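# Structural overview for review
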2 protein chains.
Amino acid sequence: MAEKRRLYPIVTADVALFTLQEQRLRVLLIQRANNPTPGGWALPGGVLNPELDASLDHTALRILAAKTRVALPHLEQVATHSGPDRDPRGWSVSTLYYALLPSDQVPAVAGDKTESIEWCDPERPGHRLAFDHRVLLGEALATLREKVGRGALPLHLLPAKFTLTELQRACEAILGRPLDKAAFRRQIKEAPQLVAVEGEFLRGAQRPAQLYRAAGGFAF
Amino acid sequence: MAEKRRLYPIVTADVALFTLQEQRLRVLLIQRANNPTPGGWALPGGVLNPELDASLDHTALRILAAKTRVALPHLEQVATHSGPDRDPRGWSVSTLYYALLPSDQVPAVAGDKTESIEWCDPERPGHRLAFDHRVLLGEALATLREKVGRGALPLHLLPAKFTLTELQRACEAILGRPLDKAAFRRQIKEAPQLVAVEGEFLRGAQRPAQLYRAAGGFAF
DNA sequence: GCAATAGTGTCTATTAGACAATATGGG
DNA sequence: CCCATATTGTCTAATAGACACTATTGC
């Protein structure tokens, strides 16, 4: 119980950043170089700075950029956790986000204050996570799954142009189970957020596949 | 722009407290007696006190009890809003909850720091709301509707014992549209969170209706 | 032609909505 | 018996999953 008396709580934003690697869903973990838990693995996150940030969303993006040099991904709020014992620094309020990074934009070099970073299996991260981040990661994954399970399309995980099969693989990676091709296509063919790129195909040693892109006002 | 320079943001919890009155969904609004917006109507809410509160949920319950003398309702987190301009007092972080109050427990006398309270139609509150509370109310209502629309049962809106017809009326009040009796019953008959109270019936000038109650570990 | 993947058609079990029929108590 | 509401049954259109079939390219 390293509880310092504070008038104000620490306010932080934490992000579960997901991407696809070889058709597997991965989440970004960082090893913290400095306090409060040197050497511990955690979700990227950091403290709100009212002088720099226009909102907690902004905090999340700023932290992500500083710690990982990752370009602006799509953010989705999951939940806010709070209490005196979550963080050894004292009473804290943390808003959790998840984000999806296109699989062709995984620079992810270690940035400031970060010893190293790693893309992990979100179900079994392979590291003991600091704070309550193991729980947060579970929540973020569950929220993402629920959304995709209800028909949301994780277009932000894919490059700008993609095939329907690639989109199906992305959904399968998130849900952790195979989907039926015909049913999947029936479902998404009505989605207005999907636009065929006329005349463009992915070619290989088989029938070419139509390329699609996200529609203009696409919001996940 | 009444922006004071602050090192820390104000952290608050706001609650959209719903109940049923004559089969209509109502939300509790309060008229603020003191700063920052004297006389303005708003959702009940207040500032986190790290010395008193074990979590933001606790803050919400404490504020609700102080301002309205309402007993512990069920709380559900909706979202967290933040930014320098939401609140005239400065940079703020507000976690929004909704809560359901049984229709037979609406004491709702004005408490501390509250001039008056009123149960309003959540779609047309009839008062201009302070801060961004109009938006928050819309979000809370949308979240509640989405949940009930997906089959969640708003048992917390009902007294301890209730009939299936009362439950259906509650869902209809939330969704704003009539539901088919047979379909509704088919759907909820499988729900394990519903238990028939054997031998107890609501009697009137018609066939008696079986009374039900929420099952033991019921979570909304 | 063959391999490989894209894209479509079909059959069926399940389900939600509409509506009707029956059940049961009070008067 | 009549009224009002509870409770159940039936019919149907829409849907999701399983599975098979056709299409189109490179080689």
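Residues numbered from 1 in each chain as written. Chains lettered and ligands numbered in written order. Predicted model: local features only at pLDDT ≥ 70, side-chain atom pairs only at ≥ 80, totals over all residues. Heavy atoms only, no water.

## Some thoughts on the packing of helix α3 (residues 164–175) of chain A against helix α4 (residues 181–189) of chain A
Working note: a packed helix pair is described by the angle between its axes plus the distance between those axes. Residue and element names in this part refer to chain A. At a closest axis distance of 11 Å, the pairing of α3 and α4 adopts a crossing angle of 105°. Between α3 and α4, the crossing angle belongs to the class labelled roughly perpendicular. Where α3 approaches α4, its residues L164, T165, L167, Q168 and C171 are matched on the opposing element by K181, F184, R185, I188 and K189. (Axes fitted to C-alpha atoms, helices over the stretch in contact; angles between N-to-C directions. Helix = DSSP H or I, 4+ residues; strand = E, 2+ residues; numbered from the N terminus. Parallel < 35°, antiparallel > 145°, perpendicular 65-115°, else oblique. Contact = heavy atoms within 4.5 Å.)

## Observations regarding the protein's contact with DNA strand C
A:K181, A:A182, A:Q210, B:R186 and B:R207 are the nearest of the 20 residues found near DNA strand C. Counting only the atoms of DNA strand C within 4 Å of the protein, the fraction contributed by sugar and phosphate is 51%. Between DNA strand C and A:R207 there is a distance of 3.2 Å, counted from a base nitrogen to a side-chain nitrogen or oxygen. At the level of elements, α4 and β10 (206–214) of chain A together with α4 (181–189), β9 (194–204) and β10 (206–214) of chain B are the ones that each hand at least two residues to the surface near DNA strand C. Tallied by class, the residues present in the surface near DNA strand C amount to six nonpolar, five polar and nine charged. (Near = heavy atom within 4 Å. Polar contact = N/O pair within 3.5 Å; in protein donor to acceptor, adjacent residues only side chain to side chain. Nonpolar A, V, L, I, M, F, W, Y, C, P; charged D, E, K, R; others polar.)

## Some points on a nonpolar patch on the surface
A contiguous nonpolar patch, built from A:L7, A:Y8, B:L7 and B:Y8 and spanning about 450 Å² of accessible area, is present on the exposed surface. Its relative accessible area of 70% is what places A:L7 among the exposed residues. (Patch = residues over 30% accessible without salt bridge, like charges linked within 9 Å, V, L, I, M, F, W, Y side chains within 5 Å. Areas by Shrake-Rupley, 256 points an atom, 1.4 Å probe, with all protein chains shown as cover. Salt bridge = Lys/Arg side-chain N within 4 Å of Asp/Glu carboxyl O. Buried < 20%, exposed > 50% of the residue type's maximum accessible area, 1.4 Å probe, protein only.)

## Concerning the sheet that holds strand β9 (residues 194–204) of chain A
Residue and element names in this part refer to chain A. Pairing is antiparallel across the open sheet formed by three strands, whose spatial order is β8-β10-β9. Of all the strands in the sheet, the pair left with one neighbour each is β8 (162–163) and β9. Pairing between β8 and β10: two bridges, direction antiparallel. Bridged to F162 within β10 is Y212. (Pairing = 2+ DSSP bridges.)

## Concerning the sheet that holds β9(B)
Pairing is antiparallel across the open sheet formed by three strands, whose spatial order is β8-β10-β9 (chain B). The open sheet has two free edges, formed respectively by β8 (162–163) and β9 of chain B, since each of these has just one partner strand.

## Details of the domain arrangement of chain A
Often, the extent of an interface is quoted as the loss of accessible area upon association of its parts. All names here are of chain A. For chain A, the assigned domains are domain 1 (10–148) and domain 2 (151–214). A straight line from the C-alpha centre of domain 1 to that of domain 2 covers 27 Å. Each partner contributes to the interface: domain 1 provides 16 residues, whereas domain 2 provides 13 residues. Between domain 1 and domain 2, a total of about 1,300 Å² is buried, with carbon and sulfur atoms accounting for 68% of that surface. On inspection of domain 1 and its partner domain 2, the count reaches zero salt bridges. The tally of links from domain 1 across to domain 2 stands at five residue pairs in polar contact (both at pLDDT 80 or more). Mapped by element, the contributors of at least two residues to the side of domain 1 that touches domain 2 are β1 (10–21), β2 (24–32) and α2 (133–149). Of the residues forming the side of domain 1 that touches domain 2, the biggest block, four residues, is contributed by α2. (Domains from an automatic or database assignment. Buried area = accessible area lost by both parts, 1.4 Å probe.)

## A short note on the packing of aromatic side chains
Residue and element names in this part refer to chain B. Taken as a whole, this structure holds five aromatic pairs over all chains when the rule is applied. Aromatic pair Y98 and F220: ring centres 6.3 Å apart, planes at 85°, arrangement edge-to-face. Taken together, the residues span a long stretch of sequence, with Y98 in strand β6 (residues 90–100) and F220 in the segment after β10 at a distance of 122 residues. Taken individually, Y98 and F220 each receive the classification buried, so the pair is uniform in this respect. (Phe/Tyr/Trp six-rings, centres within 6.5 Å; stacked < 30°, edge-to-face > 60°.)

## Regarding the environment of B:A16
Residue and element names in this part refer to chain B. Along the polypeptide, A16 turns up in strand β1 (residues 10–21). A16 sits in the buried class, given a relative accessible area of 0%. For the pair A16 and L137, spaced 121 residues apart in sequence, the C-alpha to C-alpha distance is 6.4 Å.

## Describing the relation of the copies chain B and chain A
Mapping between the two copies of the chain is achieved by a rotation about an axis and a shift along the axis. Take chain B, turn it by 180°, move it 0.0 Å along the axis, and it overlays chain A with an RMSD of 0.0 Å. Given the turn and translation reported, the copies of this chain are related as if by a two-fold rotation axis. Residue by residue, 100% of the interface of chain B is reproduced at the interface of chain A, so both copies engage with the same surface. (Least-squares fit on C-alpha atoms with pLDDT ≥ 70 in both.)

## Thoughts on the interface of chain B and chain A
Of the residues lining the interface, 24 residues belong to chain B; the matching set on chain A comes to 24 residues. When chain B packs against chain A, close to 1,900 Å² is buried across both sides, 58% of that on carbon and sulfur atoms. Taken as a group, B:Y8, B:P50 and B:W91 account for 28% of the area that chain B buries against chain A, more than any other trio of residues on that side. For B:E146, the salt bridge goes to A:R150, with nearest N and O atoms at 4.0 Å. Summed over the shared surface of chain B and chain A, the number is nine residue pairs in polar contact (both at pLDDT 80 or more). Elements supplying a minimum of two residues to the side of chain B that touches chain A: β5 (74–87) and β6 of chain B. It is β5(B) that provides the largest number of residues to the side of chain B that touches chain A, a total of six residues. Grouping the constituent residues of the side of chain B that touches chain A by class yields 12 nonpolar, six polar and six charged.

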